[in-house]
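Residue-level structural notes
Okay, here's what each chain looks like letter by letter:
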Amino acid sequence: MSFEISAFILSLLCLVYSLSAKRRQYHLPKGLKNMLLSQHVMFLALLICNILSAASSVGGVYLQAIASREVVFWQYLLHACYFFFHTTLSISFALYIMNVNGASMGRSPRFYFYFALPYLCSELLVLTNSFTGAAFYMDARFLYHRGPLMPLLYANGAVYLVLGVLFFFRYKQAVSRADSLAIAVVIALTSLGVTIQGLYPNLQVELFSESLNFLALMILLEERGGHMDPATGALNRLAFADANRRLMETGQTYQIVLVKLTDIALFSKLFSGREMDALVMRVSGWLTSISSEQDLFSLRDGEFALLCSEAEGRDAAATATAVLERFGQDWKTGSLTLRLETMVSVVRVPEDVASLTDLEELLSSGFRKAGPGSRLVPFAELSAHRRNRRIEQALRGAVNDRRLHVWYQPIWSVQKRRTVAAEALLRVDSEELRTLSPEEYIPLAEQCGLIREIGLFVFEDVCRFLRDRQAEAAGLSYIELNLSVHQFLYDDLVERFEEIRARYGVPREKLNLEITESASTDKAPAVREAMETMRSMGYTFSLDDFGTGYSNLVQLIRGNYKNVKMDKSLLWDAEGSAAASRLLDSLIHVIRSLGCNVVQEGVETPAQLERTETSGGNLIQGYYFSRPLPEDRFLTYLGREASGGRR
Ligand code: C2E
Ligand code: MG
Ligand code: MG
């Protein structure tokens with residue numbers, strides 16, 4: 001008896017705590033189906049059933065002591081209530097386990113019908129017992145007795161316990177190891193309680209052992225303090241991993257809407273921490289209102305994820321649109337009224353991402369901001385890092401195995417009517433990079449530091465080529481090499497170049513270094529200083545891709561370049577537009593008047609050649625003469641040109 005009273009008190013305390021300590025924003029899911037599929041609601045159901053069973057049991061036993069005609073009705077009613085709630089307790093327990101590991105998701109109504117059948121039959125037995133006395137009955141002296149079908153009620157409990165165990169093992173992978181251990185212990189203890197109660201019916205320990213188990217569940221699985229992000233009130237990244245593991249391992253099809261507030265870091269610098277905290281809370285509260293508390297996760301500063309499962313009928317595309325619409329309007333908190341920018345992307349599971357590792361990788365690379373304004377980021381863009389990583393690996397492999405080559409593209413002099421120089425261009429012998437241009441993988445090599453080794457390789461290979469003097473014999477004055485500004489960030493650049501050059505005995509004037517203008521050329525003192533040092537030693541420079549991106553006229557004057565290479569796009573645009581044509585002519589004129597050579601890139605047709613000659617460009621590089629060629633074919637090309645062959 002004291003066990004039952006303790007069970008009642010313990011479960012009641014758990015219930016009060018669960019309801020009061022739950023998050024402030026907690027709302028019950030709408031609709032019976034969603035309630036049954038909610039882990040937390042089923043936990044509350046377990047507690048309520050336990051409390052009511054214990055209360056009925058205690059009341060029943062109390063009335064038994066004063067058994068009389070007056071109280072027999074209440075006596076009967078309390079016994080019936082005990083069985084009714086105890087039977088509900090068993091099915092709730094199985095359903096709870098299935099909600100924890102996701103086994104309950106996406107099942108058909110037919111499944112649930114068969115699943116609930118033992119429960120429905122048992123409750124029918126309890127509800128019709130007053131007519132049949134099959135489960136229990138009261139004798140003439142108002143004493144309680146078990147009926148012939150009572151074992152069926154125990155069998156019902158056993159069925160759901162077994163089902164719980166089966167589903168637990170079937171979807172063990174869907175819960176984290178710690179949670180799995182907690183459930184295993186709870187199932188074991190529940191079985192023990194039921195067994196002891198079965199063997200010693202007078203020892204009413206079952207409900208008490210269950211109360212203890214619920215207390216354990218509450219601490220281990222329900223009270224997710226460690227799963228909360230205090231700054232937003234949303235679930236955190238750990239909870240996100242748990243939720244996705246559960247959905248993926250049970251084979252669900254669902255979508256994740258990722259929301260990133262792109263300018264939150266900037267606003268954090270401008271406004272006080274308190275105001276920003278309130279703003280982030282506002283946003284998180286709004287996101288909860290369009291999803292649900294269980295489906296909103298805060299991944300890191302200003303980055304949220306919303307889970308949209310088909311089962312819940314939430315459409316990811318509509319959610320993404322709603323987010324973008326909302327972010328088109330102002331956010332108000334305290335004294336602040338701000339328009340926040342956001343990037344939204346939809347990830348489909350399993351089509352886009354099929355494992356937790358893939359998802360983690362995707363999230364860790366994050367969104368890259370590309371231009372102002374809120375926008376929907378296509379998944380292909382979001383996952384560009386994957387492709388980049390493959391490219392990077394292929395490149396690393398090629399660098400390690402020395403599968404690098406230098407090809408040469410002729411630079412033709414208008415005045416001398418022959419090839420006078422060449423540009424050295426990197427080629428990588430790799431199946432993965434076969435279809436890619438260096439324009440795509442050089443920036444990656446810069447990002448991952450491989451550019452240093454690549455740059456030194458190209459420099460050395462060009463020096464080796466020049467040492468043999470075949471190029472010189474064929475009338476080549478110098479070779480242009482592309483130099484990434486990233487290479488200047490390594491202190492020993494000049495030292496290494498000098499060491500290599502000296503080793504091959506190549507004079508500095510045989511080399512001309514091409515630099516592409518960028519913000520870093522202008523701003524980083526390291527770049528300017530290294531260029532100055534090299535210039536004072538006798539190296540010369542070309543300004544590459546002039547007319548694109550960060551074209552700085554001041555740099556043109558200060559830079560003291562030997563050649564300025566006009567980007568191909570300038571030439572190609574000039575063919576279709578009179579304004580672009582005039583601009584190109586004027587630029588060529590200005591650059592020539594500064595004493596620099598103009599190398600026109602991208603000359604492919606006789607018309608383009610003629611146009612460049614007329615406007616004063618004095619060096620030409622382009623497919624019209626030749627594409628970049630491997631060393632031997634380049635020498636053959638030079639030989640043919642010298643003997644009056646082609647052009
Ligand atoms: P870039 O320095 O502007 O090199 C010229 C690019 O234009 C070469 O592309 C060349 O093949 C291409 N090209 C030349 N004439 C024509 C033409 O008439 N029509 C067309 N459509 N294209 C033409 P490539 O070899 O793919 O190289 C692309 C870029 O990769 C280079 O642009 C350069 O920025 C970079 N790069 C190549 N090799 C190296 C290297 O060894 N080191 C560094 N840092 N960058 C390199
Ligand atoms: Mg170049
Ligand atoms: Mg160029």
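Overview of the structure. (Residues numbered from 1 in each chain as written. Chains lettered and ligands numbered in written order. Predicted model: local features only at pLDDT ≥ 70, side-chain atom pairs only at ≥ 80, totals over all residues. Heavy atoms only, no water.)

1. Describing the overall build of the protein chain
Summing up its helical and strand segments, the protein chain has 27 helices and 18 strands in all. Against the 2.2 N^0.38 benchmark of 26 Å for 647 residues, the protein chain shows a C-alpha radius of gyration of 38 Å, more extended than a compact globule. Dimensions along the principal axes, computed over C-alpha positions, put the protein chain at roughly 125 × 55 × 45 Å. The burial tally for the protein chain puts 49% of its 647 residues in the buried class. (Helix = DSSP H or I, 4+ residues; strand = E, 2+ residues; numbered from the N terminus. Rg over C-alpha atoms; globule rule 2.2 N^0.38 Å. Buried < 20%, exposed > 50% of the residue type's maximum accessible area, 1.4 Å probe, protein only.)

2. Observations regarding the site of ligand 1
Among the 24 residues in the neighbourhood of ligand 1, the closest are listed as N482, D544, K568, E604 and Y623. Contact distances for ligand 1 include 3.0 Å between an oxygen atom and a side-chain N or O atom of R427. Within the side chain of D545, one N or O atom sits 3.0 Å away from an oxygen atom of ligand 1. Notes on ligand 1: free accessible area 790 Å², of which the protein chains cover 89%. (Near = heavy atom within 4 Å. Polar contact = N/O pair within 3.5 Å; in protein donor to acceptor, adjacent residues only side chain to side chain. Areas by Shrake-Rupley, 256 points an atom, 1.4 Å probe, with all protein chains shown as cover.)

3. With respect to the coordination of the magnesium ion (ligand 2)
Each protein donor to the magnesium ion (ligand 2) is listed here as E423 (OE), N482 (OD1), E514 (OE) and D544 (OD); together their distances run 2.0 to 2.2 Å. The distance between the magnesium ion (ligand 2) and the magnesium ion (ligand 3) is 3.9 Å, with D544 acting as a donor to both metals. Residue E423 is found in strand β11 (residues 418–428), and its partner D544 is found in strand β14 (residues 540–546); the two are separated by 121 residues along the sequence. For E423, a relative accessible area of 3% corresponds to the buried category. Classification of D544 as buried rests on a relative accessible area of 4%. (Donors = N, O, S within 2.8 Å, 3.2 Å for Na, K, Ca; no water.)

4. Some thoughts on the coordination of the magnesium ion (ligand 3)
For the magnesium ion (ligand 3), the full set of protein donor atoms is D544 (OD), D545 (OD), E601 (OE) and E601 (OE), and the range of their distances to it is 2.1 to 2.5 Å. Counting the intervening residues between successive donors of the magnesium ion (ligand 3) yields the motif D-D-x55-E.

5. Topic: the side chain of S180
Following the sequence through the fold, S180 ends up in helix α8 (residues 177–199). Those residues in contact with S180 that sit more than four places away from it in its chain are F168, K172 and V175. (Contact = heavy atoms within 4.5 Å.)

6. Some thoughts on helix α12 (residues 273–290)
Think of an α-helix as turning once every 3.6 residues; residues three or four places apart then point the same way. Taking 1.5 Å per residue, 18 residues should reach 26 Å; α12 reaches 26 Å between its end C-alpha atoms and fits that length. Considered for burial, the residues of α12 that qualify are M276, L279, V280, V283, S284, W286, L287 and T288. (Expected span 1.5 Å × (residues − 1).)

7. Topic: the state of the cysteines
Counted under the stated rule, the structure contains zero disulfides. C49 forms no disulfide, and the closest cysteine sulfur to it belongs to C81, at a distance of 12 Å. (Disulfide = S-S within 2.5 Å.)

8. Notes on the nonpolar core
By size, the foremost hydrophobic cluster in this structure holds 77 residues, and its most contacted members are V462, F488 and M566. Here this core gets 10 residues from one element, more than from any other, and that element is helix α18 (residues 451–467). If we ignore the near neighbours within four places in the chain, the residues touching V462 are V406, Y408, A424, I479, L481 and L511. Listed in part, the 49 residues of the second largest apolar core include C49, L95, I97 and V100. (Core = buried A, V, L, I, M, F, W, Y, C linked by side-chain atoms within 4.5 Å.)

9. Observations concerning the packing of aromatic side chains
In the structure shown here, the tally under the stated rule is 24 aromatic pairs. Geometrically, the ring pair formed by Y624 and F625 is edge-to-face, given 5.1 Å between the ring centres and 85° between the ring planes. Ring pairing ties together the aromatic residues Y76, Y82, F83, F136 and Y144, which thus form one cluster. Here the guanidinium or amino end of R107 rests over the ring plane of F111, the centre of that ring lying 4.7 Å away. Looking at K562, its charged tip hangs above the ring of Y478, at a distance of 3.9 Å from the centre. (Phe/Tyr/Trp six-rings, centres within 6.5 Å; stacked < 30°, edge-to-face > 60°. Lys NZ or Arg CZ within 6 Å of the ring centre and 35° of its normal.)

10. Regarding the pattern of salt bridges
Applying the stated criterion across every chain, the model contains 29 salt bridges. The salt bridge partner of R508 is E498, with a shortest N-O separation of 2.5 Å. With R508 in the loop between α20 (493–504) and β13 (511–516) and E498 in helix α20, this residue pair connects regions lying 10 residues apart in the sequence. On the basis of relative accessibility, which here comes to 24%, the residue R508 falls in the partly exposed class. Here R611 ties to D585 by a salt bridge, and the two come within 3.0 Å at their closest N and O atoms. Remark: D585 occurs in helix α25 (residues 578–593) and R611 occurs in helix α26 (residues 606–614); sequence separation between them is 26 residues. Here the salt bridges share partners, and the residues they tie into one network are E423, E514, K565 and E601. (Salt bridge = Lys/Arg side-chain N within 4 Å of Asp/Glu carboxyl O.)

11. Overview of α26
Considered for burial, the residues of α26 that qualify are Q608, L609, R611 and T612. In an axial view of α26, the angular spread of the buried residues amounts to 165°, which keeps them on one side of the axis. The outward face of α26, more than 90 degrees from its buried face, is lined by the exposed residues P606, E610 and T614. In this structure, the buried residues of α26 make contact with β10 (404–413), α24 (568–576), α25, β16 (597–600) and β17 (619–620). A positive backbone phi angle near 100° is found at G616, which sits one or two residues after α26. (Arc of directions from axis to C-beta.)

12. Remarks on the sheet that holds strand β5 (residues 303–309)
A sheet is described by the order of its strands in space; here five strands give the open sequence β4-β5-β3-β8-β9, paired in mixed fashion. Single-partner strands in this sheet number two, and they are β4 (296–300) and β9 (375–376). Relative to β5, strand β3 (residues 254–261) is paired through seven bridges, and the arrangement is antiparallel. Paired with K260 across the two strands is E303, which belongs to β5. Strand contacts of helix α13 (residues 316–326): β3, β5, β8 (342–349) and β9, with the helix running at about 175° to β8, the strand carrying the most contacts. (Pairing = 2+ DSSP bridges. Axes fitted to C-alpha atoms, helices over the stretch in contact; angles between N-to-C directions.)

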